Amino acid sequence: MRRRIGYLVAVLALVFGGIAVTTVAAPVTASADACYTWNRTLSRGATGSDVRELQIRVAGWVASGENLVIDGVYGAATEAAVKRFQSGYGLAADGVAGPNTFNKIYQLQDSDCTPIHFSYSEFNYNCGARNFNGGRVTAAEAKENTRRVMWQLEAMRHKLGDRPMVVTSGFRSVSCNSSVGGSSTSLHLYGQAADLGLSSSPSQCQMWNSAKSAGFEEILGPGYPGHNDHVHVGNKSSRFWSAPNC
Ligand SMILES: [Zn+2]
């Protein structure tokens, strides 16, 4: 969440000729985010790590069936996603990421750069290990992949009327995944997937449908074997959507 650094008052006590003079410096308003602060307006053609950080946060605001490439290049797809994000939060939808857009993102993120309604602790249960170790990628990669998933879920959650969604499984190590009967190629091994349980407020089919326009390419729900008690969403390069009962 946004951290406000209010007025920084510098008090300088200067002594001139034995007389103490206290000078109160003109206040400087500094606003920053404990997680990440953008220092420039971004628009079409911009490149850099700040574009990449923006892309992660708007990856859930794509067209149906689209998966935003997180490449640090502000192209047409990023511009369109920014427009949808802006529109979704009642901002002027110009596709340019300036102060209003960044302020909204600051409101939506926690100090660890995850969105306010999701946290790493919901994803790292890992059969009780409480970490991101033992998967098919390094723990750091799995954690970073999870962060992207969380921002996509935050977008889904907002589009579904700001109703809570409950993550029942996130990252799983190879051994954990085997023990719960997961596929040997499961996206859970990469931190690229989330299972949304029945105690979520939206229905399974609402979540399954909404995930299509939140950048997920693997979406499995009711009627697909083993998925009657949750909706599975994940990031991959090829599409696999199935929920025969929706
Ligand atoms: Zn799953």
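As the structure is a prediction and not an experimental result, all values here were calculated from the model.

1. Looking at the pairing of strand 8 (residues 230–234)
Counting buried residues in strand 8 gives 5 out of 5 residues, a clear majority hidden from the surface. Side chains His-230, His-232 and Gly-234 of strand 8 all project onto a buried face; the interleaved residues Val-231 and Val-233 project onto the opposite face, where all are buried too. Taken together, the 5 bridges between strand 6 (residues 193–197) and strand 8 define a ladder with antiparallel strand orientation. Looking at strand 8, one finds that Gly-197 is bridged to His-230. As defined by bridge partners, strand 7 (residues 218–220) adjoins strand 8 across 3 bridges and the pair is classed as antiparallel.

2. Let's talk about the environment of Val-96
For Val-96, the position within the fold is in the loop between helix 2 (76–88) and helix 3 (99–108). Distance in space between the C-alpha atoms of Val-96 and Arg-44 is 7.6 Å, their sequence separation being 52 residues. The contacts of Val-96, once residues within four sequence positions are left out, are Thr-41 and Ser-43.

3. Points about the sheet that holds strand 7
Read across the sheet, 5 strands follow the order 5-6-8-7-9 without closing on themselves; strand pairing throughout is mixed. Edge positions in the sheet fall to strand 5 (167–169) and strand 9 (240–242), since each of these pairs with one other strand and no more. Put simply, the sheet's adjacent strands are angled 25° from each other on average, direction ignored. Along the sheet, helix 6 (residues 204–211) contacts strand 6, strand 7 and strand 8; its crossing angle with strand 8, the most-contacted strand, is approximately 10°.

4. Structural notes on the environment of Ala-194
On the secondary structure map, Ala-194 appears in strand 6. Taking the number of C-beta atoms within 10 Å as the measure of exposure, Ala-194 has 29 and is therefore buried. Sequence-wise, Ala-194 and Met-150 are 44 residues apart; in three dimensions their C-alpha atoms are separated by 8.7 Å.

Conventions we followed
Residues numbered from 1 in each chain as written. Predicted model: local features only at pLDDT ≥ 70, side-chain atom pairs only at ≥ 80, totals over all residues. Buried ≥ 20, exposed ≤ 12 C-beta atoms within 10 Å, placed from the backbone. Helix = DSSP H or I, 4+ residues; strand = E, 2+ residues; numbered from the N terminus. Pairing = 2+ DSSP bridges. Contact = placed C-beta atoms within 7 Å. Axes fitted to C-alpha atoms, helices over the stretch in contact; angles between N-to-C directions.

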